[in-house]
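# Coordinate analysis (summary)
One letter stands for each residue in the lines below.
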Amino acid sequence: MSDLKVLIRHDEIAKRVAELGAQITHDFAGQSIIFVGVLKGAAIFLSDLARQVKLDATFDFIGVSSYGNRPSPKQELKSGWDSTGEVKLTKDVDQSMKDKNVIVVEDILDTGLTLTFLKKLLLAHQPRNLKIAALLDKPSRRKLPLEGDYVGFKIPDEFVVGYGLDYAERYRNLADICVVPRQ
Ligand code: 5GP
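These notes cover the structure that comes with them.

Analysis parameters
Residues numbered from 1 in each chain as written. Predicted model: local features only at pLDDT ≥ 70, side-chain atom pairs only at ≥ 80, totals over all residues. Heavy atoms only, no water. Helix = DSSP H or I, 4+ residues; strand = E, 2+ residues; numbered from the N terminus. Buried < 20%, exposed > 50% of the residue type's maximum accessible area, 1.4 Å probe, protein only. Contact = heavy atoms within 4.5 Å. Near = heavy atom within 4 Å. Polar contact = N/O pair within 3.5 Å; in protein donor to acceptor, adjacent residues only side chain to side chain. Nonpolar A, V, L, I, M, F, W, Y, C, P; charged D, E, K, R; others polar. Pairing = 2+ DSSP bridges. Phe/Tyr/Trp six-rings, centres within 6.5 Å; stacked < 30°, edge-to-face > 60°. Right-handed = clockwise from strand over helix to strand, strands pointing away.

This part is about the overall build of the chain. Assigned secondary structure in the chain consists of 4 helices and 9 strands. Its helices and strands taken in sequence order, the chain reads β-α-β-α-β-α-β-β-α-β-β-β-β from the N to the C terminus. The proportion of buried residues among the 183 residues of the chain is 47%. A separation of at least 24 residues holds for 71% of the contacts in the chain among residues at least 6 apart in sequence.

Further remarks concern the site of the ligand. Taken together, 16 residues lie around the ligand, and T111, T114, K138, V160 and D166 are the ones closest in. D107 is positioned such that a nitrogen or oxygen atom in its side chain is 2.9 Å from an oxygen atom of the ligand. The separation between an oxygen atom of the ligand and a polar main-chain atom of E158 is 3.4 Å. The set of elements that each furnish at least two residues to the shell around the ligand consists of β5 (101–109) and α4 (113–123). Residue contributions to the shell around the ligand peak at 3 residues, all from β5. In terms of residue class, the shell around the ligand is made up of 6 nonpolar, 3 polar and 7 charged.

Taken in spatial order, the 3 strands make up an open sheet running β1-β9-β8, and their pairing is antiparallel. Pairing within the sheet leaves two strands with one partner each, and these edge strands are β1 (5–8) and β8 (160–161). By the bridge criterion, 2 bridges tie β8 to strand β9 (residues 177–179) in an arrangement that is antiparallel. Residue pairing for β9: V161 is matched across the bridge by C178.

For L109, the location among the structural elements is in strand β5. Classification of L109 as buried rests on a relative accessible area of 1%. As a C-alpha pair, L109 and V151 span 42 residues in sequence and 9.0 Å in three-dimensional space. Filtering out sequence-adjacent residues up to four positions away, L109 remains in contact with L115, A134, L136, D137, K138, R142, L146, E147 and G148.

Below, the discussion takes up the packing of aromatic side chains. Each aromatic ring pair is described using two quantities: the centre-to-centre distance and the angle formed by the ring planes. In total, this model carries 2 aromatic pairs according to the counting rule given. Summarising the aromatic geometry, the rings of F35 and F59 are spaced 6.4 Å apart at their centres and angled 75 degrees between planes, so their arrangement reads as edge-to-face. Here F59 lies in strand β3 (residues 56–66) and F35 lies in strand β2 (residues 32–39), a separation of 24 residues in the sequence. The class of F59 is partly exposed, set by a relative accessible area of 43%. Taking 6.1 Å as the distance between ring centres and 75 degrees as the angle between the ring planes, the aromatic pair formed by F159 and Y167 counts as edge-to-face. Using a relative accessible area of 15% as the deciding quantity, one classes Y167 as buried.

Our next topic: the pairing of β5. The buried fraction of β5 is high, at 9 of 9 residues. In terms of strand pairing, β5 meets strand β6 (residues 129–137) through 8 bridges, oriented parallel. If you follow I103 over to β6, its bridge partner there is K131. Regarding the hand of the β-α-β motif, the stretch spanning β5, α4 and β6 is right-handed.

Now the structure itself:
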């Protein structure tokens, strides 16, 4: 797709991720953290963020998909994803989160359905602390009241790709975050 438009450049992303890492380092000083990355979109954000956190840390990953009602990528681009709220777990975490400091790392907070589902699931582990780190946030799309604790950038209601985010599995490896124009 040649008409992608850069929304957030890679150097701006790096600067903001470093700030978030410093904030987490400060907030959890002297403690350990488990980063739980939401597959696949958060993989790049997690790997950059974790290297900016100067604390003892481990990684885990969790996978989700929506129940059958996610439109085709083309449709999603046109009208957004209006899920009915059914989120399905495709990969659970590998370890107990009991009494641990857990930071869920997500690429983008949109309607809030995915993270509401994941928060409930992870709270059942009885962690000491559960925080949400989201690189991007589209507050205007929210359906459930949920805020990230560590948010990179608030963005308008646009469909974005790059830095882990895909369009039909492509563009995850773009260094910048780009808007896909809605035709
Ligand atoms: P939520 O459950 O908050 O509505 O949606 C979160 C998920 O929707 C994200 O993890 C991501 O997979 C997808 N999503 C929402 N907005 C965008 C977007 O602008 N671009 C891409 N590539 N995915 C998005």
